[in-house]
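# Results of the structural survey
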Amino acid sequence: MSRSAPKVAIPQFTTARLERPDGAVIHYEVAGEGPPMVFAHGLGGNHLSWWQSAPVFAQNHKVVVFSHRGFSPSTAPGGLPDPKLYAGDLVALLDALSIPKAVIVGQSMGGWTAVETALAAPERVAGIVMACTSGSFDYDRFGDPGVKAWREAAPKAIAALAARGIHRAAGARMADEQPDLHALYRGIDRLTSGLDKNEVGNRIRVMRTRGAEDAAKIACPALFVIGEEDLLICPRGIELVAGTLPKARTVTVPVSGHSVYFERATLFNATVEGFLAEIGWN
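For the structure given in this document, a descriptive report is provided here.

Quick notes on the rules
- Residues numbered from 1 in each chain as written.
- Predicted model: local features only at pLDDT ≥ 70, side-chain atom pairs only at ≥ 80, totals over all residues.
- Heavy atoms only, no water.
- Pairing = 2+ DSSP bridges.
- Helix = DSSP H or I, 4+ residues; strand = E, 2+ residues; numbered from the N terminus.
- Axes fitted to C-alpha atoms, helices over the stretch in contact; angles between N-to-C directions.
- Disulfide = S-S within 2.5 Å.
- Salt bridge = Lys/Arg side-chain N within 4 Å of Asp/Glu carboxyl O.

### Section: the sheet that holds strand β5 (residues 102-107)
- With mixed pairing, eight strands are arranged side by side in an open sheet as β1-β2-β4-β3-β5-β6-β7-β8. The open sheet is flanked by β1 (14-19) and β8 (248-253), the only strands paired with a single partner. Across the sheet, the mean angle from the axis of one strand to that of its neighbour is 20 degrees, orientation sign disregarded.
- Of the strand pairs in this sheet, strand β3 (residues 37-40) and β5 are connected by four bridges, and their pairing is parallel. By the bridge assignment for β5, alanine 40 is matched with glycine 106.

### Section: the state of the cysteines
- Throughout the structure, instances matching the rule amount to zero disulfides.
- The thiol sulfur of cysteine 220 is not disulfide-bonded, and the nearest other cysteine sulfur, from cysteine 132, lies at 19 Å.
- Here cysteine 234 stays unpaired: no disulfide links it, and the sulfur of cysteine 132, its closest cysteine neighbor, is 12 Å away.

### What to know about the pattern of salt bridges
- Going through the model one piece at a time under the given rule, you end up with 19 salt bridges.
- Between aspartate 22 and arginine 69 there is a salt bridge, with the nearest N and O atoms lying 2.8 Å from each other. With aspartate 22 in the loop between β1 and β2 (25-31) and arginine 69 in the loop between β4 (63-66) and α2 (86-96), the pair connects residues that are 47 residues apart, well separated along the chain.
- We note a salt bridge from aspartate 144 to arginine 236, for which the minimum N-O separation is 3.4 Å.

Here it is in structure tokens:
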């Protein structure tokens, strides 16, 4: 008689809010025990974006997911958030939860949060996972021909996605091969439909000024996960930036676009698990 596998308890997330001095309210959820991990979402998401990763890592870690200020259900004064305040919000969240140090997983826009936190409060960051992002590091400064070619080709490809009604951060492959995931991605994005995300995008791009001098200051281990078909953040550019950090490595995921964590969640989770094992955060 075969024995059934032991049932694993499903992590139960608790919901709370952090009120900031300027009136912003940060929505966050917490589950699990163990070495802490904080997940920072991208421009097209919120705390729900991590539905395929947060419960998995909460089996062995204290997991925190949150919505950046201005992204539903979090709020920002005047309705339009200043991304320069993201890192301060994250440090305040660590303080509120009595977390001395955490691994920060940042996707796309969340990579800005991860980098800026690692620079502003390095003692609070055990490692960073940069998911399809270079954060506030500028890869155009390298003058790389691969980056230049991507810059020329990407706008046409993005326009073609728009013509088909496909979310640019999901990509054609997700829409064609996993239409249910594409629909869910769009649904999560619509939860913050009142926010001017084009302006938020402009604001984070203005912050993309950091170079090798700043990269040298990030002493914690870093993992850069790259989507081979990414149209929003240049894959070659991410490789170039990663090469300037003292303790960074890259993993390129084939047949995947800008949202590897959403499109190839099992592989993404395994890649992050390997990184955590390497740095002893497990």
